[in-house]
Amino acid sequence: DQQVKQNSPSLSVQEGRISILNCDYTNSMFDYFLWYKKYPAEGPTFLISISSIKDKNEDGRFTVFLNKSAKHLSLHIVPSQPGDSAVYFCAASERGTYKYIFGTGTRLKVLA
Amino acid sequence: NAGVTQTPKFQVLKTGQSMTLQCAQDMNHEYMSWYRQDPGMGLRLIHYSVGAGITDQGEVPNGYNVSRSTTEDFPLRLLSAAPSQTSVYFCASSYRQGNQPQHFGDGTRLSIL
């Protein structure tokens, strides 16, 4: 049973426009959510996170939104740049478990 | 500043062979973990450790062993490799306190023939 789901395997966006990546989860005990970016032949790098006590967190061009009632989070990238082209993973953890469960990833392509 | 270092970067094994994937971090992180990445499956947690001498199973632990004798090192052992273990393996580490993002190594690409 996939506890963290990214239902869009790929997404293409024009440079300068907004990219919206989505993630759904099933475990209501998750209390911390993260987004990672991954380039080919490299390990994932941390992008932004959000605690379940918040519904929004911003860091520059990146904003993560959390809707606990819908068990849904999204990552907004504005404006999108060609260098943002990568695979994006969402991840979640349950308080005290030290287990981070990852989604299957969304490949973002930003077109110049 | 090396961060998380994984060796080797590539390896080809025959079915039944054993192998140890090495992972070392120089950030004094208590928490370390191993993931495998397969097409369409994302990153799946194999084993993790919250400190020296403490390990626990993740989502897909079968066929893998780990130990944590020091804070810095967290090796992953395949005792009898199987073709189903062909994958890209990532090691990660973080501070243990509170919610902390993990730092990942660049991965080991492993093929089992």
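Remember, predicted model here, so these are calculated numbers, not experimental data. Here the residue numbering is sequential within each chain, running from 1 through the sequence in written order. Both sets of labels track the order of writing: A upward for chains, 1 upward for ligands. Local features are withheld for residues below a pLDDT of 70 in this predicted model, meaning they are given only at 70 or higher, and side-chain atom pairs are given and counted only at 80 or more; totals for whole chains, interfaces and linings count all residues. The side-chain numbers reported here are obtained from all heavy atoms of the structure, hydrogens and water having been left aside.

**Q** Which residues make up the overall build of chain A, and what values go with them?
**A** To qualify as a helix, a DSSP run of H or I must reach at least 4 residues; to qualify as a strand, a run of E must reach at least 2; elements of each kind are numbered from the N terminus. The helix and strand tally for chain A stands at 0 helices and 11 strands. Element order for chain A, N to C, with α for helix and β for strand: β-β-β-β-β-β-β-β-β-β-β. Throughout, the radius of gyration refers to the C-alpha atoms, and the reference size of a globule is 2.2 Å times the residue count to the power 0.38. In terms of overall size, chain A behaves like a compact globule, its C-alpha atoms giving a radius of gyration of 13 Å where 112 residues would be expected to give roughly 13 Å. Looking at chain A as a whole, 46% of its 112 residues are labelled buried. Whether two residues are in contact is decided by their heavy atoms, any of which lying within 4.5 Å being enough. Of the contacts made within chain A by residues no fewer than 6 positions apart, 54% connect residues no fewer than 24 positions apart. Put simply, chain A shows about 5,500 Å² of open surface, and 48% of that area lies on carbon and sulfur atoms. Burial classification: accessible surface area is computed with a 1.4 Å probe over protein chains only, and a residue below 20% of its type maximum counts as buried, one above 50% as exposed, and the rest as partly exposed. Per-residue and other accessible areas were derived by the Shrake-Rupley procedure at a 1.4 Å probe size, with only the shown protein chains allowed to occlude residues.

**Q** Just give me the short version of the overall build of chain B, but keep the residues and values in it.
**A** Secondary structure assignment for chain B yields 0 helices and 11 strands. Put simply, chain B runs from its N terminus to its C terminus through helices and strands in the order β-β-β-β-β-β-β-β-β-β-β. For 113 residues, the compact-globule estimate of 2.2 N^0.38 gives 13 Å, and the C-alpha radius of gyration of chain B, at 13 Å, lies within 12% of that figure. Projecting the C-alpha coordinates of chain B onto the three principal axes gives extents of approximately 40 × 25 × 25 Å.

**Q** Tell me what's going on with the sheet that holds strand β6 (residues 56-59) of chain A, and back it up with residues and numbers.
**A** Hydrogen bonds along the backbone pair up the strands of a sheet, which may run parallel or antiparallel. Residues and elements named next belong to chain A. Read across the open sheet, the 5 strands follow the order β1-β3-β8-β7-β6; overall the sheet is antiparallel. Edge positions in the open sheet fall to β1 (4-5) and β6, since each of these has one partner strand only. Only strands joined by at least two bridges in the DSSP assignment are considered to pair. In this sheet, strand β8 (residues 72-77) lies alongside strand β7 (residues 62-67) in antiparallel orientation, the contact comprising 6 bridges. Residue pairing for β8: Val64 is matched across the bridge by Leu75.

**Q** Which residues make up the interface of chain A and chain B, and what values do they have?
**A** Taken together, the contact between chain A and chain B spans 20 residues of the former and 21 residues of the latter. Taken together, both faces of the contact between chain A and chain B bury some 1,800 Å²; the carbon and sulfur share is 58%. The quantity reported as buried area is the accessible area (1.4 Å probe) lost by two parts once they are put together, taken as the sum for both. Among the residues chain A hides against chain B, the three largest losses belong to Tyr98(A), Tyr100(A) and Phe102(A). Together they make up 34% of the total. Counting of polar contacts relies on pairs of N or O atoms within 3.5 Å, with two restrictions inside protein: one atom must be capable of donating a hydrogen and the other of accepting it, and residues adjacent in sequence are counted only when both atoms are side-chain atoms. Applying the counting criterion to the chain A and chain B interface returns 3 residue pairs in polar contact (both at pLDDT 80 or more). Sorting the residues of the side of chain A that touches chain B by element identifies β4 (30-38), β9 (86-94) and β10 (100-102) of chain A as the ones contributing at least two each. Of the residues forming the side of chain A that touches chain B, the biggest block, 5 residues, is contributed by β4(A). For this classification, the nonpolar set comprises Ala, Val, Leu, Ile, Met, Phe, Trp, Tyr, Cys and Pro, the charged set comprises Asp, Glu, Lys and Arg, and every other residue, Gly included, is treated as polar. Here the side of chain A that touches chain B is composed, by residue class, of 11 nonpolar, 5 polar and 4 charged.

**Q** Can you break down the state of the cysteines residue by residue, with the values?
**A** Note on terminology: disulfide denotes any pair of cysteine sulfur atoms within 2.5 Å. Scanning the model with the defined rule gives 2 disulfides over all chains in all. Paired by a disulfide, Cys23(A) and Cys90(A) hold their sulfur atoms 1.9 Å apart. Its torsion about the S-S bond being 65 degrees, the disulfide of Cys23(A) and Cys90(A) is classed as right-handed. A residue pair is termed long-range when its members are at least 10 positions apart, and Cys23(A) in strand β3 (residues 19-25) and Cys90(A) in strand β9 qualify at 67 residues. In this model, Cys23(B) is linked to Cys91(B) through a disulfide, with the two sulfur atoms separated by 1.9 Å. In this structure the cystine formed by Cys23(B) and Cys91(B) twists about its S-S bond by roughly -75 degrees; its chirality is therefore left-handed. Residue Cys23(B) is located in strand β3 (residues 19-25), and its partner Cys91(B) is located in strand β9 (residues 87-94); the two are separated by 68 residues in the primary sequence. Residue Cys23(B) shares its accessibility class with Cys91(B), and that shared class is buried.

**Q** Can you lay out the sheet that holds β3(B) for me, pointing to particular residues and giving the numbers?
**A** All names here are of chain B. Strand order in this open sheet of 4 strands is β1-β3-β8-β7, and the pairing throughout is antiparallel. Among the strands making up the open sheet, the edge pair consists of β1 (4-7) and β7 (64-66). Averaged over neighbouring strand pairs, the angle between their axes works out to 20 degrees when direction is ignored. Across 4 bridges, the pairing between β1 and β3 is antiparallel. Bridging across to β3, Thr7 finds its partner in Gln22. Lines fitted to the C-alpha atoms define the axes, with helices restricted to the stretch that makes contact. Angles between their N-to-C directions range from 0 to 180 degrees.

**Q** Go over the nonpolar core with me, naming the residues and quoting the values.
**A** Side-chain atoms within 4.5 Å are what join buried Ala, Val, Leu, Ile, Met, Phe, Trp, Tyr and Cys residues into a set we call a nonpolar core. Of all hydrophobic cores here, the largest spans 24 residues; its most connected members are Phe33(A), Trp35(A), Leu73(A), Leu75(A) and Tyr88(A). Within the residue set of this core, elements represented by two or more residues are β3, β4, β5 (45-51), β7, β8, β9 and β11 (106-111) of chain A. Counting residues per element, this core draws most heavily on β9(A), at 4 residues. In this structure Tyr88(A) touches Gln6(A), Leu21(A), Trp35(A), Tyr36(A), Lys37(A), Leu47(A), Leu75(A), Ile77(A), Gly105(A), Thr106(A) and Leu108(A), once residues within four positions along its chain are discounted. Grouped together as the second largest cluster of nonpolar side chains are 19 residues, Met19(B), Phe74(B), Tyr89(B) and Ile112(B) included.

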